[in-house]
Amino acid sequence: MTEEDATNIFETGDIFANRELVRVGHVPQLERVVGRDDEVAAIGRALGPATAGGPPETTIVYGKTGTGKSLVTRCVSRRAHDEARKHNVSFQHAYVDCSDYQTAAKASREMATELASNLGAGHDIPRVGIAASDYRDIAWELLAEYDVDSFVVILDEIDKLDDDELLRSLSRARESGKSDSHIGAMCISNKIEFRERLNERIDSSLQDNELVFDPYDAGQLKEILEHRTDAFEDGVLEQGVIPKVAALAAKEHGDARKAIDTLYEAGRLAEKEGTRTVSVEHVDDAVRQAEVNRFEKLVSGTTPHVKYILHALALLTTDNPEQEGFRTHRIYTLYTKLVERDGNDPLSEDRVYRLLKEQSFLGITESNHTGGGQGGGSYLEHRLLRAPEIVIQALDDSAGD
Ligand SMILES: Nc1ncnc2c1ncn2[C@@H]1O[C@H](COP(=O)(O)OP(=O)(O)O)[C@@H](O)[C@H]1O
Ligand SMILES: [Mg+2]
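Keep in mind that this is a model prediction, so the values were computed, not measured.

Peer 1: What am I meant to see in helix H9 (residues 241-251) here?
Peer 2: Spacing of three or four residues puts side chains on the same side of an α-helix, whose turn is 3.6 residues. Taken residue by residue, H9 has Val241, Ile242, Val245, Ala246 and Ala249 as its buried positions. Along H9, the residues classed as buried sweep out an arc of 125° about the axis, all on the same side. Packing partners of the buried residues in H9 comprise helix H8 (218-226), helix H10 (256-273) and helix H11 (280-299). In the segment just after H9, histidine 253 is the residue with positive phi, at about 40°.

If you want it as structure tokens, here you go:
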């Protein structure tokens, strides 16, 4: 490699000006939050008393993934901190994503760690070896040491938490004399079904407010994406790209995360190709690639034989687009060829039949009984529930790993 080539390996192209803006996990400023004014106001009202040194109202937030629950809650909490400071009040919050910290001990530790870091306290919190309640005691000590007036714990994806010890202790910390600070919780769940369980599990004192985030429509998604276009260099996004991404995401239950992700992936594809603009075709490719990746993940845990069977079914589907389904024997014949081509031994036809029926392949295939017609009995036909190109590409990709 020449010296010049060696320098170029880090070349990032001319697509992105600030790719951080379209990365998942990036928490934009409140000014960039689009179309959630009522929700922002509701959380503002719940935290309002805390910014004046009083008790925060506990709020439970429900809604499907990608509807802005985590974003709005975090943004408003951050803003509450600034607002409180204006009133000489110390407001602190700790964000705990329970999908990463599923036990009371882990979540309590994360709460203490977040609090310490937000306070700028160089506190050494033991990694293991102490009980969940000890972690919480560390948090209560920090609240006292730093004279915190109000403390709000955001328990995101709370349905992943394996018990309600933490939530209960948050609601009781003050009355039980463990802390003099006002303590509240913001509970977030993607599962609306969780509401009943949560209502049974926690005190009525925690049920101050309940908020539901509705899915975004295409117009809102478009606006959300337009607020992120400065992630790209000027003039890079071709006309039609944002409406297309928004329309696709609106069809998939209005998920803003998916919309932003698709836009980012389309940009990456353009970057990889070395083109100067992101086109509607890049969006199509990005969606396709995402589907391939999802499928690859789905089959990653299966055996090589299952993959051969799926490959055979995908090839049959490509070659016979007019046909609804395929009989086991036909799939088996092609499966055998594919296995033997690789120098391996095929399973018996009966075993393949059972594999095909079993769990209908994780929702990848569907098996239906079909009347055999004249003289024939009924038999089972199998078909793919995905486009065969996606299946073949995913199987090829996973073979390369
Ligand atoms: N109203 C909005 N304005 C701007 N960006 C948004 C909005 N809603 C969601 N997003 C973005 O979409 C992604 C998913 O939002 P998030 O809050 O994580 O959804 P949820 O927690 O409901 O699953 C994040 O990257 C977030 O920044
Ligand atoms: Mg979330």
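Let us keep going from here.
Peer 1: Please explain the site of ligand 1 as it appears in this structure.
Peer 2: Surveying the vicinity of ligand 1 reveals 20 residues, the closest of which are Val34, Gly66, Lys69, Ser70 and Tyr216. Note that an oxygen atom of ligand 1 is positioned 2.7 Å from one of the backbone N or O atoms of glycine 66. With respect to ligand 1, the backbone of glycine 68 contributes an N or O atom lying 3.1 Å from an oxygen atom. Contact with the protein chains hides 96% of the accessible area of ligand 1, taken as 560 Å² for the molecule alone. Elements that contribute at least two residues to the shell around ligand 1 include exactly helix H3 (69-86) and H10. Classifying every residue of the shell around ligand 1 gives eight nonpolar, six polar and six charged. Among the domains, domain 1 (29-213) and domain 2 (228-298) are the pair contributing at least three residues each to the shell around ligand 1.

Peer 1: What am I meant to see in the sheet that holds strand S4 (residues 182-189) here?
Peer 2: Strands pair in a sheet through their backbones, by hydrogen bonds, and they do so in one of two ways: parallel or antiparallel. The strand order S2-S3-S4-S1-S5 describes an open sheet built from five strands, whose pairing is parallel. Edge positions in the sheet fall to strand S2 (91-97) and strand S5 (209-213), since each has one partner strand and no second. Pairwise comparison of adjacent strand axes, ignoring direction, gives a mean angle of 15° for this sheet. The pairing of S2 with strand S3 (residues 150-156) spans seven bridges and is classified as parallel. Paired with valine 96 across the strands is leucine 155, a residue of S3. Across the sheet, helix H4 (residues 104-119) is in contact with S2 and S3; its angle to S2 comes to roughly 140°.

Peer 1: I'm lost on unusual backbone geometry in this one. Help?
Peer 2: A positive phi angle, near 60°, is found at asparagine 88, a position not held by glycine. Take asparagine 88: it is sitting in the loop between H3 and S2. Classification of asparagine 88 as exposed rests on a relative accessible area of 74%.

Peer 1: Whenever I open this one, the packing of aromatic side chains confuses me. Can you help?
Peer 2: Each pair of aromatic rings is reported with the distance of its centres and the angle of its planes. Following the criterion strictly, the structure yields three aromatic pairs and no others. Plain terms: the ring middles of phenylalanine 16 and tyrosine 264 are 5.6 Å apart, the flat faces sit at 50° to each other, and that makes the pair tilted. Within this pair, whereas phenylalanine 16 is found in the loop between helix H1 (3-8) and helix H2 (37-51), its partner tyrosine 264 is found in helix H10, the two being separated by 248 residues in sequence. Look at phenylalanine 16 and you get buried, because its relative accessible area is 9%. One aromatic cluster in this structure is built from Phe16, Phe232 and Tyr264. Over the face of the ring belonging to tyrosine 95 we find arginine 74, whose NZ or CZ atom lies 3.8 Å from the ring centre.

Criteria and cut-off values
Within any chain, residue numbers begin from 1 and follow the written order of that chain's sequence. Naming scheme: in the order in which they are written, chains are lettered from A and ligands are numbered from 1. Reporting in this predicted model follows two pLDDT cut-offs: at least 70 for local features of residues, and 80 or more for side-chain atom pairs to be given and counted; totals over whole chains, interfaces and linings ignore these cut-offs and use all residues. Side-chain calculation: all heavy atoms of the structure are included, whereas hydrogens and water are not. Throughout, exposure labels follow a simple rule: accessible area from a 1.4 Å probe, protein chains only, divided by the maximum for the residue type, with under 20% read as buried, over 50% as exposed, and the rest as partly exposed. Going along the chain from the N terminus, every DSSP run of H or I of four or more residues is numbered as a helix, and every run of E of two or more is numbered as a strand. Throughout, the arc means that of the directions going from the helix axis to the C-beta atoms. By definition, residues are in contact when any of their heavy atoms lie within 4.5 Å. We call a residue near a molecule or strand whenever a single non-hydrogen atom of that residue lies within 4 Å of it. For the purposes of these results, a polar contact is taken to be a pair of N or O atoms within 3.5 Å, where, inside protein, one atom must be able to donate a hydrogen and its partner to accept one; residues adjacent in sequence count only when each atom of the pair is a side-chain atom. The accessible surface values rely on the Shrake-Rupley method and a 1.4 Å probe; as for residues, cover is taken only from the protein chains in view. The classification used treats Ala, Val, Leu, Ile, Met, Phe, Trp, Tyr, Cys and Pro as nonpolar, Asp, Glu, Lys and Arg as charged, and all other residues, Gly among them, as polar. The split into domains, and so the bounds of each, comes from an automatic or database assignment of domains. Whether two strands pair comes down to DSSP finding at least two bridges between them. Axes here mean lines fitted to C-alpha atoms, for a helix over just the part in contact, with angles spanning 0 to 180 degrees between N-to-C directions. Any two rings among Phe, Tyr and Trp, with Trp reduced to its six-membered ring, count as a pair given centres within 6.5 Å; such a pair is stacked if its planes are under 30 degrees apart, edge-to-face if over 60, and tilted if neither. A ring is considered to have a charge above it if a Lys NZ or an Arg CZ atom is located within 6 Å of its centre and within 35 degrees of its normal.

Function cannot be inferred from these measures alone, as they are strictly geometric.
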